[in-house]
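Coordinates in review
Spelled out from the first residue to the last, the chains are:
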Amino acid sequence: MPYPWQKKQWRQVATAIERQRLAHAILLAGAEGTGIDQFAIELAQYLLCEAPVQPDSGCGQCRSCILFRAGNHPDIRMVNPEKPGMQIKVDAIRELIEYFHLSVQYGKHKITIIAPAEGMNRHSADGLLKTLEEPPPLSLLILVSYQPAKLPVTIRSRCQKIIFNRINRQASFDWLNGRLGDSGRTAALLEFAGGAPLKALELSETDVLQQRQDVMKDLRVLRTSKSNPVDTAKKWQEFDMAEVLLWLIFIFSNMAKIRYSSGNESIDKETGHLSAGLDLPQVISCYDLALKNYHLLTGTTNLNRQSLLEEIIIHWQCLKGSSLPASLNKYD
Amino acid sequence: MNFIITKKNLLPALQDVVGVVERRPSLPILSNLLLNLSPEGIRLAATDMEVELVTTIAGEFEQAGDITLPARKLFDICRALPDEADLSFSIESGRAAIVSGKSRFTLATLPAQEFPQIELLDVDAKFTIQQGVFKSLLGKTAFAMAQQDVRYYLNGLLLEAQQDKLRAVATDGHRLAMCDVDVALSVDEIKQLIVPRKGVLELTRLLQDSETEVHVQMSRNHIRVDLGKLVFTSKLIDGKFPDYTRVVPEQGETPVLVKQSALRQGLSRASILSNDKYRGVRISLEKDKLRALVHNQEQEEAEEEIDVEYTGDAMEVGFNVSYLLDAVSIIQTEALMITISTPKSGCLLLPDDGTDCRYVVMPLLL
């Protein structure tokens, strides 16, 4: 069953299935942590189920559903990077194409889910093109993409796009609060996960809230004392690198918001203190750098992680603020 | 769930099916063997999601039931037991205990419903054929299949069911092999299917050189061959085989008639000095004479002169010597006929015993 915030998209797909007009390749585009990968799996199970329960779920009883749940269904193939964050190599795509051209086993569909699709490197994407153009009968290719802009335009143009917009704040709050039962924590986690409920749920099981506090503290210390950027970068590397960069992006964007309009209630005071004495272009330059390095990190080339962090840290440390607030000087 | 099987029954059955179990399967269930206990006996099934092998053996049990067991481990255990041994299985809470004499083993199991069995839908054509005939049909054509070609439909063997005739065609775009055999077959329209390379090789391995008959069923998505004690099922390649009839030339009026052994030996001697990559050989024809000329990058040369019967025009054509040799070696008759109508069209090789096999090798520009 799709998540409550995916009802509209499900209707779109279900109508297409009903009219037998479902495209041979669909691109699910939306933010990470909002369950679009789960949407793809639900859709696959629904299509393969022998007696789907209208409007939106597999029956869970038939042979297809049992095989599906065990991860053994012969008519579905998942293509993921070998490790999260790594590329999807061309060999994986070749194997997929070979599988795709074999006949279907149970006669309904043969489905492939590539997630995340932007994990395909250039060769993989090129290798897939031909199959995307002339798919074998009964086949369905589901591409899950968190950053569809990163996909080659040749791939994008050959898929039917299903767009998952930003989730309504209230909807994700209700869903998560129903699970955690702690509205304060729910709000903090959601804000932290950029409004992505599944990501927030995942975060609730880790100590990232604490880690993020540490990053905030480090940022403050970096501005006020001569702490060593190399050590700080090493420390941050022990956290999830991509997460750290997302936090930084988030923190800098909040700072920019404060610079724009003082008295923004939704942003915590600490961020305000941190950015005191900096002007908007300076904050924006930090934001840009963090964003750039985030893309470099999650991109298809493997760069030195330490240097990516050091660059941001040094840039931050060397910003010339007009004056540091007295309240922070005590850390000197 | 309890049952007893003798090693004498179990080992040959495992030997038959275990070959299809991959050593490092993509899913855990694929390293397991499905066992169905029913009044007909104990049915063993193994699959790699492309090919499925099923066999039925006798065993003692009181209640029907299903389970899956690790195939290779069971095979290794069974093989290592004394010849007269009985294996008694008892399955309880997800573990299978095997007792034989003073040996005890406990194996992990997986639920039988999670095993992806193939079922045949809508059989379009079925016929029976002698094992030996089927085996030789595959053997005479399979060598020309493509291997990992992007034209995925060439990575297999085309089987074509026509009225009272079964045809096999394989090509990789450079050469083609085509053979017909007569079988009692009735179809409304010609039925084509492409068996993947893996399935063809596995089936060739299973078929015996005997006169016993096998039952073949063709459906939209599968081909099933019932070999009596063993049932082979393979998925098919979903695609359209190219129109091969257009590349098979008609036999010319003045074919070259040549002894198979003389041609094969001559070509293989000449091929020693051919370019490793292009494998080019220049065939020149004149009255009653065929010359094969080969040279490589180091300017080393080989020349073979072979006596033939030929009355046509003199001409010179280039070929890949490996492709020529493949075709010549697969033709087992004493003599064969070669038609080269023009230096730019394919060369047709025919055995001279009247069997319906045709081999085409496309020319090279040298």
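About the thresholds
Residues numbered from 1 in each chain as written. Chains lettered and ligands numbered in written order. Predicted model: local features only at pLDDT ≥ 70, side-chain atom pairs only at ≥ 80, totals over all residues. Heavy atoms only, no water. Helix = DSSP H or I, 4+ residues; strand = E, 2+ residues; numbered from the N terminus. Buried < 20%, exposed > 50% of the residue type's maximum accessible area, 1.4 Å probe, protein only. Lys, Arg positive; Asp, Glu negative; His and termini not counted. Charge placed at Lys NZ, Arg CZ, Asp CG, Glu CD. Core = buried A, V, L, I, M, F, W, Y, C linked by side-chain atoms within 4.5 Å. Contact = heavy atoms within 4.5 Å. 1 Å grid on protein atoms, 1.4 Å probe; cavity = no way out; pocket = protein on both sides within 12 Å on 5 of 7 lines; lining within 4 Å. Points joined across faces, edges and corners; volume = space filled by probe spheres on them. Nonpolar A, V, L, I, M, F, W, Y, C, P; charged D, E, K, R; others polar. Disulfide = S-S within 2.5 Å. Domains from an automatic or database assignment. Buried area = accessible area lost by both parts, 1.4 Å probe. Salt bridge = Lys/Arg side-chain N within 4 Å of Asp/Glu carboxyl O. Polar contact = N/O pair within 3.5 Å; in protein donor to acceptor, adjacent residues only side chain to side chain. Expected span 1.5 Å × (residues − 1).

Some remarks on the overall build of chain B
The helix and strand inventory of chain B stands at six helices and 25 strands. In terms of principal-axis extent, the alpha carbons of chain B reach across some 80 × 50 × 35 Å. Residue burial in chain B is summarised as follows: out of 366 residues, 52% are buried. Charged side chains in chain B number 39 positive and 53 negative. The centres of these two groups are separated by 5 Å.

Focus: the nonpolar core
Residue and element names in this part refer to chain B. With 103 residues, the main nonpolar core has Phe134 and Leu349 as its most contacted residues. If you tally residues by element for this core, the top one is helix α6 (residues 321-330), at six residues. If sequence neighbours within four positions are ignored, Phe134 has contacts with Ile129, Leu159, Leu166, Leu203, Leu207, Val214, Val216 and Val225.

Brief notes about empty space enclosed by the protein
Residues and elements named next belong to chain B. As enumerated under the stated definition, the model contains one cavity of 30 Å³ or more in all. The space that makes up the largest cavity amounts to roughly 90 Å³. Taken together, 13 residues make up the lining of the largest cavity; nearest its centre are Leu263, Ile283, Leu290, Leu324 and Ile338. For the lining of the largest cavity, the secondary-structure elements that each account for two or more residues are α5 (260-271), β19 (280-286), α6, β23 (335-340) and β24 (347-351). Taken together, the residues of the lining of the largest cavity sort by class into 13 nonpolar, no polar and no charged.

Thoughts on unusual backbone geometry
In this structure, A:Pro116 follows A:Ala115 across a cis peptide bond, with omega equal to -10°. Position of A:Pro116 relative to the elements: it lies in the loop between β3 (110-114) and α5 (122-133). One non-glycine residue, B:Asp164, adopts positive backbone phi at about 55°. Of note, B:Asp164 is situated in the loop between β11 (156-162) and β12 (165-171). For B:Asp164, a relative accessible area of 42% corresponds to the partly exposed category.

Observations concerning the state of the cysteines
Between two cysteines, a covalent bond joining their sulfur atoms is known as a disulfide. With the rule as written, the count across this model stands at one disulfide over all chains. With a sulfur-sulfur separation of 2.0 Å, B:Cys179 is cross-linked through a disulfide to B:Cys357. Across the S-S bond linking B:Cys179 and B:Cys357, the dihedral sits near 95°, which makes this disulfide right-handed. Here B:Cys357 lies in strand β25 (residues 357-361) and B:Cys179 lies in strand β13 (residues 175-182), a separation of 178 residues in the sequence. The pair B:Cys179 / B:Cys357 is uniform in exposure class, with both members buried. For A:Cys49, which is in no disulfide, the shortest distance to another cysteine sulfur is to A:Cys59 and amounts to 3.5 Å. Accessibility expressed as a relative area gives 0% for A:Cys49, which makes it buried.

Remarks on the domain arrangement of chain B
Residues and elements named next belong to chain B. Per the domain assignment, the segments of chain B are domain 1 (2-114), domain 2 (123-247) and domain 3 (256-361). The C-alpha centroid of domain 2 is placed 30 Å from the C-alpha centroid of domain 1. Taken together, the twelve residues of domain 1 in the interface contact 14 residues of domain 2. Taking both sides of the interface into account, the surface hidden between domain 1 and domain 2 amounts to around 1100 Å²; carbon and sulfur atoms contribute 46%.

Brief notes about the interface of chain A and chain B
Facing the 20 residues of chain A at the interface are 21 residues of chain B. Both faces considered, chain A and chain B share a buried interface measuring about 1800 Å² in area, 52% of it formed by carbon and sulfur atoms. In terms of surface lost to chain B, no three residues of chain A exceed A:His101, A:Ser103 and A:Gln105, which account for 33% of the buried area on that side. Along the contact surface separating chain A from chain B lie two salt bridges. In this structure, A:Arg63 engages B:Glu119 in a salt bridge whose closest nitrogen and oxygen atoms are separated by 2.5 Å. With three residues, helix α3 (residues 63-69) of chain A is the largest single contributor of residues to the side of chain A that touches chain B. Tallied by class, the residues present in the side of chain A that touches chain B amount to ten nonpolar, seven polar and three charged.

Digging into the domain arrangement of chain A
Residues and elements named next belong to chain A. Domain boundaries in chain A define domain 1 (4-166), domain 2 (170-203) and domain 3 (208-331). Computed over C-alpha atoms, the centres of domain 1 and domain 2 are 27 Å apart. Taken together, the contact pairs seven residues of domain 1 with six residues of domain 2. Each partner contributes to the roughly 510 Å² buried at the junction of domain 1 and domain 2, and carbon and sulfur atoms together form 78% of this total. At the junction of domain 1 and domain 2, the tally comes to zero salt bridges. Seen at the junction of domain 1 and domain 2, the total is two residue pairs in polar contact (both at pLDDT 80 or more). Considered class by class, the residues forming the side of domain 1 that touches domain 2 number two nonpolar, three polar and two charged.

So, α5(A)
Residues and elements named next belong to chain A. In a regular helix each residue adds 1.5 Å, so twelve residues correspond to 16 Å; α5 covers 17 Å between its end C-alpha atoms and thus fits that length. Buried residues of α5: Ser124, Ala125, Leu128, Leu129, Thr131 and Leu132, and no others. Buried positions along α5 lie against β1 (25-29), α4 (90-100), β3, β4 (139-145) and α6 (153-156). The opening residue of α5 is Asn121, an N-cap whose side-chain oxygen sits 3.2 Å from the backbone nitrogen of His123.

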